[in-house]
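# Architecture at a glance
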Amino acid sequence: MPDPDTSTSAPHAGAPTSHNVRTYEQLLFEKDGPVARITLNRPLSRNALSIALSDELIHALEVVRDSRTIKVLVIQGAGGTFCAGDDITEMHRWGDANDVMRRVTGYQHMADTLEELDKVTIAKVNGFAVGGGLEITMACDFVVAAYSAKWGMPEVDVGITPGWGGTTRMARLIGRRLTKEINLLGALHPASRAAELTLWNRVVPDDRLDTAVDELIEVLLNKNQQAVRQLKFIINSGVEADLKTAQAFEKLSAGLTGAVNGGWQVNDADQAAGILAFRDKDTLWQERRALARNFWTDGPVPA
């Protein structure tokens, strides 16, 4: 019997979760060698993020996260549009104020999962990318859009506020003044303005969208993939840190680069001898523990 507190038949939707997913019904997942594609597949609703689609999306992202062979993820929408955001017609199922906070926490986890993937992520945008759809693009590494695409944060005219990037990631990408303009006015903008604001990377003729994304994938797959993973990690981590901490990430990454390129044997490191000594409980382990076990355990002022 399903748990009544987590069942999809419960009165409240709960947070987006992969636990409810058995098969994909509102999403397409394809894998072709090192490239995975997630297609939001509710074209009659402009791929709005329903409760079910949100569950399926976090499930698919976790599949990508756990893969050791996927190098690039493309997120796109079916039916000539990207994503019209949350399905507002289902919001009555979100529950009370605390339930809404729990659901938004789940959406934030979903966006964080996407942003922190150790794969390169590409949002392939046509049609509308508004609200939650725009928030998906902001958690991706690259955004390539068709000239005809439209974007914005119209939540203000519904009387709600964004919950998973529309104010936070956006302000970090384009600054607080423009973020206020986009959120407080709620206008729909042309794709070219997103590129001008550096919100998106590139805008191409509609009939070149597929080709432009494929060309980008070809370039990315030609790279040293370990270097790509490290660059993504230090950029994402460093931008949220003070300068000295960010530079520490760079230095550690440089050391890791030296190691994976063959310089891993540091003279005064023990080349895993300590781990092997612990496993075998040999002389090295016994000597180190004998010296350390009771050292200064009598406090700063010995009796």
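Our structure's up above, just so we're on the same page.
Presented here is a report on the structure given in the accompanying data block. (Residues numbered from 1 in each chain as written. Predicted model: local features only at pLDDT ≥ 70, side-chain atom pairs only at ≥ 80, totals over all residues. Heavy atoms only, no water.)

### So, the layout of surface pockets
By volume, the largest pocket is sized at about 880 Å³. Lining of the largest pocket is provided by 33 residues; of these, Glu115, Met138, Cys140, Leu173 and Asn236 occupy positions nearest its centre. Those elements that provide at least two residues to the lining of the largest pocket are helix H2 (97-115), helix H3 (132-138), strand E6 (142-146), helix H4 (168-174) and helix H8 (225-238). Looking at side-chain class alone, the lining of the largest pocket contains 16 nonpolar, 10 polar and 7 charged residues. Taken together, 23 residues line the second largest pocket, and the ones lying closest to its centre are Asp86, Ile88, Met91, Glu155 and Ile160. Of all elements in the fold, only H2 and H3 reach the threshold of two or more residues within the lining of the second largest pocket. For the lining of the second largest pocket, the element with the highest residue contribution is H2, accounting for 3 residues. (1 Å grid on protein atoms, 1.4 Å probe; cavity = no way out; pocket = protein on both sides within 12 Å on 5 of 7 lines; lining within 4 Å. Points joined across faces, edges and corners; volume = space filled by probe spheres on them. Helix = DSSP H or I, 4+ residues; strand = E, 2+ residues; numbered from the N terminus. Nonpolar A, V, L, I, M, F, W, Y, C, P; charged D, E, K, R; others polar.)

### Comments concerning the sheet that holds strand E5 (residues 128-130)
Ordered by their spatial adjacency, 3 strands build an open sheet running E5-E7-E8, and the pairing between neighbours is mixed. The open sheet has two edge strands, E5 and strand E8 (189-190), and neither has a second partner. (Pairing = 2+ DSSP bridges.)

### Re the nonpolar core
Grouped together as the largest cluster of nonpolar side chains are 47 residues, with contacts concentrated most on Ile38, Leu57, Leu73, Leu114, Val125, Ile136 and Trp200. Among the elements that take part in this core, helix H1 (residues 51-66) stands out by supplying 7 residues, more than any other. If sequence neighbours within four positions are ignored, leucine 114 has contacts with Leu61, Leu73, Ile75, Thr121, Ile136, Ala139, Cys140 and Lys232. Grouped together as the second largest cluster of nonpolar side chains are 15 residues, Val35, Ile122, Ala146 and Val228 included. (Core = buried A, V, L, I, M, F, W, Y, C linked by side-chain atoms within 4.5 Å. Buried < 20%, exposed > 50% of the residue type's maximum accessible area, 1.4 Å probe, protein only. Contact = heavy atoms within 4.5 Å.)

### Examining the side chain of aspartate 86
Here aspartate 86 shows up in the loop between strand E3 (72-77) and H2. Buried charged residue aspartate 86 carries no salt bridge. Nearest counter-charge: arginine 103, at 6.3 Å. Within the structure, the side chain of aspartate 86 is placed 3.3 Å from the side chain of tyrosine 107, a separation counted as a polar contact. Other than its neighbours up to four places away in sequence, aspartate 86 contacts Ala48, Leu49, Met91, Trp94, Tyr107, Gly132 and Trp164. (Lys, Arg positive; Asp, Glu negative; His and termini not counted. Salt bridge = Lys/Arg side-chain N within 4 Å of Asp/Glu carboxyl O. Polar contact = N/O pair within 3.5 Å; in protein donor to acceptor, adjacent residues only side chain to side chain.)

### Topic: the sheet that holds E3
As summarised here, the arrangement of the 6 strands in space is E1-E2-E3-E4-E6-E9, forming an open sheet in which the pairing is mixed. If you trace the sheet from one side to the other, it starts and ends with strand E1 (27-32) and strand E9 (202-204), each paired once. Direction aside, the axes of adjacent strands within the sheet are offset by 20 degrees on average. (Axes fitted to C-alpha atoms, helices over the stretch in contact; angles between N-to-C directions.)

### Considering the side chain of glutamine 76
Turning to its location among the elements, glutamine 76 is positioned in strand E3. Using a relative accessible area of 13% as the deciding quantity, one classes glutamine 76 as buried. Among residues more than four places away in sequence, those in contact with glutamine 76 are Arg37, Ile38, Thr39, Leu40, Phe82 and Lys124.

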